[in-house]
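Fold and geometry: a report
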Amino acid sequence: EADIYQTPRYLVIGTGKKITLECSQTMGHDKMYWYQQDPGMELHLIHYSYGVNSTEKGDLSSESTVSRIRTEHFPLTLESARPSHTSQYLCASSEPGRRSYNEQFFGPGTRLTVL
Amino acid sequence: SQKIEQNSEALNIQEGKTATLTCNYTNYSPAYLQWYRQDPGRGPVFLLLIRENEKEKRKERLKVTFDTTLKQSLFHITASQPADSATYLCASEGGSYIPTFGRGTSLIVHP
């Protein structure tokens, strides 16, 4: 079992609310990622980080923001949630360096529903 | 950029048979391909990695092949069991050393 945690597991909120999805890992991995996945669809990378104070946008345009103040913590924030944000959000981490071949360890995901 | 294609139709097989799933990549030959298992409502779990200079890799009942001529990887589960039922994702090396994932193929093993 991977040591990467996400909270909450399920969240139902109203339009316009600000939310933060939490992600923590205890493996000391430098790289962390946020993916969005709709049922039966591929994972879309929305943000990633190479380490503390590093954040990058992924392939999928997103209205969310991330921060990386500590190695183990990579929260994702939506300033104003909309129904189009309804999806599964998956956090992942991987070991640094080319030798690891970027095997990704995923959290259990947060299922977000915006009404 | 790299694109990963997997059969979107579910694969239905009988228990005990060998399941074979296909992953095709469209552009450059990646340094590696990865296979993950994903159960409903859960995050993917890493299974196997095969490097570009390896033709075949095995782990227990799992076998992965990598054919750079066909731009394809095959994922085999021998002696399949109902507990193997899940969605299997293929991922390749993408830009900035971040994997690019396919949509996955659902495998259903009938008792």
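In this report, we go over the structure that sits alongside the text. (Residues numbered from 1 in each chain as written. Chains lettered and ligands numbered in written order. Predicted model: local features only at pLDDT ≥ 70, side-chain atom pairs only at ≥ 80, totals over all residues. Heavy atoms only, no water.)

**Let's talk about the packing of aromatic side chains**
Residues and elements named next belong to chain A.
- Under the counting rule described, the total for this entry stands at eleven aromatic pairs over all chains.
- Relative to phenylalanine 106, the ring of tyrosine 35 has its centre 5.6 Å away and its plane inclined at 40°; by these criteria the two rings are tilted. Remark: phenylalanine 106 occurs in strand 10 (residues 104–106) and tyrosine 35 occurs in strand 4 (residues 31–37); sequence separation between them is 71 residues.
- Using a relative accessible area of 8% as the deciding quantity, one classes phenylalanine 106 as buried.
- It is arginine 68 that lies over the ring of phenylalanine 74; its NZ or CZ is 5.8 Å from the centre. (Phe/Tyr/Trp six-rings, centres within 6.5 Å; stacked < 30°, edge-to-face > 60°. Helix = DSSP H or I, 4+ residues; strand = E, 2+ residues; numbered from the N terminus. Buried < 20%, exposed > 50% of the residue type's maximum accessible area, 1.4 Å probe, protein only. Lys NZ or Arg CZ within 6 Å of the ring centre and 35° of its normal.)

**A short note on the nonpolar core**
- Core analysis: the biggest nonpolar cluster contains 21 residues, and Trp35(B), Phe75(B), Ile77(B), Tyr88(B) and Leu107(B) have the highest contact counts within it.
- Per-element accounting of this core gives the leading share, four residues, to strand 3 (residues 19–25) of chain B. (Core = buried A, V, L, I, M, F, W, Y, C linked by side-chain atoms within 4.5 Å.)

**Looking at unusual backbone geometry**
- Cis geometry is adopted by the peptide bond preceding Pro8(A), which originates at Thr7(A) and carries an omega value of -10°.
- Mapped onto the elements of the fold, Pro8(A) is located in the loop between strand 1 (4–7) and strand 2 (10–13).
- With phi around 65°, Asn53(A) is a residue other than glycine that occupies positive phi space.
- Despite not being glycine, Lys71(B) shows a phi value in the positive range, around 55°.
- Tracing the sequence through the fold places Lys71(B) in the loop between strand 7 (62–67) and strand 8 (72–77).
- When its relative accessible area of 32% is taken as the criterion, Lys71(B) is described as partly exposed.

**Brief notes about the sheet that holds strand 7 (residues 64–66) of chain A**
Residue and element names in this part refer to chain A.
- Taken in spatial order, the four strands make up an open sheet running 1-3-8-7, and their pairing is antiparallel. Looking at which strands have only one partner, the edges of the open sheet turn out to be strand 1 and strand 7. For this sheet, the mean angle separating the axes of adjacent strands, direction not counted, is 15°.
- Summarising the sheet, strand 1 and strand 3 (residues 19–25) pair through four bridges and their orientation is antiparallel. Each bridged residue has a counterpart across the sheet, and for glutamine 6 the counterpart in strand 3 is cysteine 23. (Pairing = 2+ DSSP bridges. Axes fitted to C-alpha atoms, helices over the stretch in contact; angles between N-to-C directions.)

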